[in-house]
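An overview of the molecular structure
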Amino acid sequence: MDTTDLRIAVVGGGYGGAAAAKALSLLGADVTVYEQAPRISEVGAGIGLRPSTMDLFRRIGVFDAIDAVSSRSDYFEILTGTCEPIMKEAWPGIDEFEIPTRTNLIHRGDFIDALLGVLPDGMVHLGRKLETVEDRGATSVLTFADGGTVEADLVVGADGIKSTVRRKLFTDAEPVFSGEHAYRAVIPISDAHGMVVDDNLRMYIGRGTKIYLLPLRHRGQVSFDITFLNPDGTWAPTVTQDQLVASVEGFDERLVAIARGLDMNVVNLRAVYDIDPVETWHTDSVTLLGDAAHSMLHHQGQGANSAIMDAGALADALAAADSVPDALARFQAVRKPVTDELQRISRQGWSSDEIDDVFPGQKTART
Ligand SMILES: Cc1cc2nc3c(=O)[nH]c(=O)nc-3n(C[C@H](O)[C@H](O)[C@H](O)COP(=O)(O)OP(=O)(O)OC[C@H]3O[C@@H](n4cnc5c(N)ncnc54)[C@H](O)[C@@H]3O)c2cc1C
């Protein structure tokens, strides 16, 4: 199929949408990104970009932009809340590529800036909130809140966990509350009580609470994340510093001291949601991608990585297929088994006893 000048409308300028725009424009397609926000920003937190993600970035010409604003990491370690080692493992995939490729630890804000920074001027249209999408078969028509409409040969719904594209064309199932909260902040290493010693991710596990320490040493900072079982499903819950500190009770005193020293004005507080697997991601001219297709819980740190891998797989499918419908079927066939499994595993973050502490009598609610 000739992809030159194929009109592709990407809805959403997050990680998935930006990576898809880059990968698809390399096919010669005419790509435009429509993002609802007037300005794209990200929460203050760190993220680990896996070897397969970094290898894909190398293939699509983004590696250097990302590598310049991140730290390369060799392994991750899991410890008890009181710092006894449980396991230590090299990031999977380091030696699977022609060039050994590690995991890069990056601030979410730097990540989106780097991704958007490789797109040509004018490709991303801000302040365009999609309201409806009409599937006309070989093409689809987007209508925005400002009244404007756009017809495209391919619409990529990369509009996140609350996706409008998904709701309009695929399923009206709502996101599912996981029963947990995430409290995240990026702090100076000097406030981390000696807990940052290298460029490797550490997860500390207590009963009903996990703490992630993700070093961002290139910035002199560390991302401190508490994930905590909590029955309050308010998307942006109100949490006091005392409640936050109580969530890490019993952890190593240095970790407790970090929590006690946090500036609550910069802590991002949210209830964590995912979605149930979506049976079909595509029509003949529309596909979902990233969280819109398969939002998952963050225990394995795979959501953004999966959105990026989707972007590469979609471009590969378009390059190999005879038609857009054929490409979308190939894309789903390659990616959905992988993300179905990641969604399933991500729901197994807690033991049934931990769940029973917080949700009595609902031990199997999320499996
Ligand atoms: C606590 C927590 C920790 C996490 N940690 C990790 C981690 O360590 N590693 C990892 O890989 N993943 C992690 N994730 C998951 C990761 O954040 C998501 O999987 C990732 O952001 C998905 O990218 P996306 O581009 O698909 O969606 P999003 O990042 O949600 O982007 C969607 C974009 O679409 C736009 N949009 C929405 N609706 C419309 C509309 N109607 N019209 C136009 N634009 C619209 C939004 O404004 C947004 O810019 C974590 C998630 C959470 C909650």
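Everything numeric in this text was worked out from a predicted model, so none of it was measured.

Regarding the UniProt feature "domain: FAD-binding" (unreviewed entry) in the protein
- As annotated in UniProt, the feature "domain: FAD-binding" (unreviewed entry) corresponds to residues 7-341 in the numbering used here.
- In residues 7-341, the share of helix is 29% and the share of strand is 30%. The end C-alpha atoms are 32 Å apart.

Focus: the pairing of strand β15 (residues 209-216)
- Most of β15 is tucked away, with eight of its eight residues classed as buried.
- By the alternation rule, side chains of β15 split into T209, I211, L213 and P215 and K210, Y212, L214 and L216, which are all buried.
- Examined bridge by bridge, strand β14 (residues 201-206) and β15 share five bridges and lie antiparallel to one another. Of the residues in β15, the one forming a bridge with I205 is K210.
- Hairpin connection between β14 and β15: a loop of two residues separates the two successive antiparallel strands, and G208 in this loop has a positive phi of roughly 80°.
- Of the pairings in the sheet, the one linking β15 to strand β16 (residues 221-229) comprises eight bridges and is antiparallel in character. Bridging across to β16, K210 finds its partner in T227.
- Taking the residues that link successive antiparallel strands as the turn, the β15-β16 hairpin has four residues, and the phi of G220 there is positive, at about 70°.

Let's talk about helix α7 (residues 253-261)
- Considered for burial, the residues of α7 that qualify are L255, V256, I258 and A259. Take α7 and look down its axis: the buried residues cluster within an arc of 155°, on one side only. Seen from the open side of α7, the exposed residues pointing more than 90 degrees away from its buried face are E253, R260 and G261.
- Looking at the buried positions of α7, the neighbouring elements they touch are β13 (176-188), β14, β15, β16 and α6 (241-246).

The rules behind each value
Residues numbered from 1 in each chain as written. Predicted model: local features only at pLDDT ≥ 70, side-chain atom pairs only at ≥ 80, totals over all residues. Heavy atoms only, no water. UniProt positions renumbered as here; feature names shortened; annotations may be inferred. Helix = DSSP H or I, 4+ residues; strand = E, 2+ residues; numbered from the N terminus. Buried < 20%, exposed > 50% of the residue type's maximum accessible area, 1.4 Å probe, protein only. Pairing = 2+ DSSP bridges. Arc of directions from axis to C-beta. Contact = heavy atoms within 4.5 Å.

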